[in-house]
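Residue-level structure breakdown
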Amino acid sequence: MFYAADDAGEGNDQEQEAASGTEPEPEIEPEPENQVPETSDDTRITDETTVLESESPAATDADGTIESYQLVDDVGTGNGNLTFNADGTYSFDPGTDFDSLAEGEAGM
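The model shown is predicted, which means the values in this text are computed figures rather than measured ones.

1. Observations concerning the overall build of the protein
Scanning the protein for helices and strands turns up one helix and five strands. When the helices and strands of the protein are read in sequence order from the N terminus, they spell out α-β-β-β-β-β. When the 108 residues of the protein are sorted by exposure, 14% land in the buried category. Summarising the internal contacts of the protein: among those between residues at least 6 apart in sequence, 38% fall at separations of at least 24. Accessible surface, the protein: about 9,300 Å² in total, of which carbon and sulfur atoms supply 47%.

Given below as structure tokens:
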């Protein structure tokens, strides 16, 4: 077995352990980081008083598991109510939050 000395001439930890007759400790590889799931943007349109029900956008995950969906930013006060269901669907209920829109006007 070949061991090279470090710059200080003292050898590395493995060299010192080999010289002392002790076994070097195994190096532990860190767990790979969990990759963030990826999804595509999705846009749906509904009338100001019509509940929208749809499938959640398709998503992929490097480790193959999509356990749930959540919004990065909430829909905010006065922008209806968004609910994700356990079966992968969602519903958006505009409630009365958009009743003040003029005909043909859109709200966000």
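2. Regarding the layout of surface pockets
The space that makes up the largest pocket amounts to roughly 1,300 Å³. Lining the largest pocket we find 38 residues, and of these Asp42, Thr43, Arg44, Val75 and Leu82 sit closest to its centre. Taken together, the elements giving at least two residues each to the lining of the largest pocket come down to strand 1 (38-39), strand 4 (81-84) and strand 5 (89-93). The residue makeup of the lining of the largest pocket, split by class, is 20 nonpolar, nine polar and nine charged.

3. Re the sheet that holds strand 2 (residues 52-55)
To summarise the sheet geometry, strands pair through backbone hydrogen bonds and adopt either a parallel or an antiparallel arrangement. Read across the open sheet, the three strands follow the order 2-5-4; overall the sheet is antiparallel. Unpaired on one side and paired on the other, strand 2 and strand 4 mark the two borders of the sheet. Ignoring strand direction, the axes of neighbouring strands in this sheet form an average angle of 15°. Here strand 2 pairs with strand 5 via four bridges, running antiparallel. Its bridge partner lying in strand 5, Glu53 is registered against Ser91.

4. Topic: the pattern of salt bridges
Here the structure, examined in full by the defined rule, presents one salt bridge. The salt bridge involving Asp42 is made with Arg44; its shortest N-O contact spans 3.5 Å. A residue is classified by how much of its surface remains accessible, and Asp42, at 36% relative accessible area, is partly exposed.

5. Observations concerning the confidence of the model for the protein
Counting all residues, the mean pLDDT for the protein is 77, and 79% of those residues have values of 70 or more. Across residues 1-6 the pLDDT falls below 50, and counting only partners more than four positions away or on other chains, this stretch makes nine contacts in the model.

6. Description of the environment of Asp87
Of note, Asp87 is situated in the loop between strand 4 and strand 5. Overall, Asp87 belongs to the exposed group, its relative accessible area being 58%. A C-alpha to C-alpha distance of 8.9 Å links Asp87 and Glu55, two positions 32 residues apart in sequence. Within the local environment of Asp87, its side chain forms a polar contact with the side chain of Thr89, the two groups lying 2.6 Å apart.

7. Comments concerning the environment of Ser54
When you line up the elements, Ser54 lands in strand 2. Considered as a pair, Ser54 and Thr89 are 35 residues apart in the sequence and their alpha carbons are 5.5 Å apart. Once residues lying within four places of it in the same chain are set aside, the contact partners of Ser54 are Arg44, Thr89 and Tyr90. At a separation of 3.2 Å, a polar atom in the side chain of Ser54 contacts the side chain of Arg44.

The rules we used
- Residues numbered from 1 in each chain as written.
- Predicted model: local features only at pLDDT ≥ 70, side-chain atom pairs only at ≥ 80, totals over all residues.
- Heavy atoms only, no water.
- Helix = DSSP H or I, 4+ residues; strand = E, 2+ residues; numbered from the N terminus.
- Buried < 20%, exposed > 50% of the residue type's maximum accessible area, 1.4 Å probe, protein only.
- Contact = heavy atoms within 4.5 Å.
- Areas by Shrake-Rupley, 256 points an atom, 1.4 Å probe, with all protein chains shown as cover.
- 1 Å grid on protein atoms, 1.4 Å probe; cavity = no way out; pocket = protein on both sides within 12 Å on 5 of 7 lines; lining within 4 Å.
- Points joined across faces, edges and corners; volume = space filled by probe spheres on them.
- Nonpolar A, V, L, I, M, F, W, Y, C, P; charged D, E, K, R; others polar.
- Pairing = 2+ DSSP bridges.
- Axes fitted to C-alpha atoms, helices over the stretch in contact; angles between N-to-C directions.
- Salt bridge = Lys/Arg side-chain N within 4 Å of Asp/Glu carboxyl O.
- pLDDT = per-residue confidence, 0-100.
- Polar contact = N/O pair within 3.5 Å; in protein donor to acceptor, adjacent residues only side chain to side chain.

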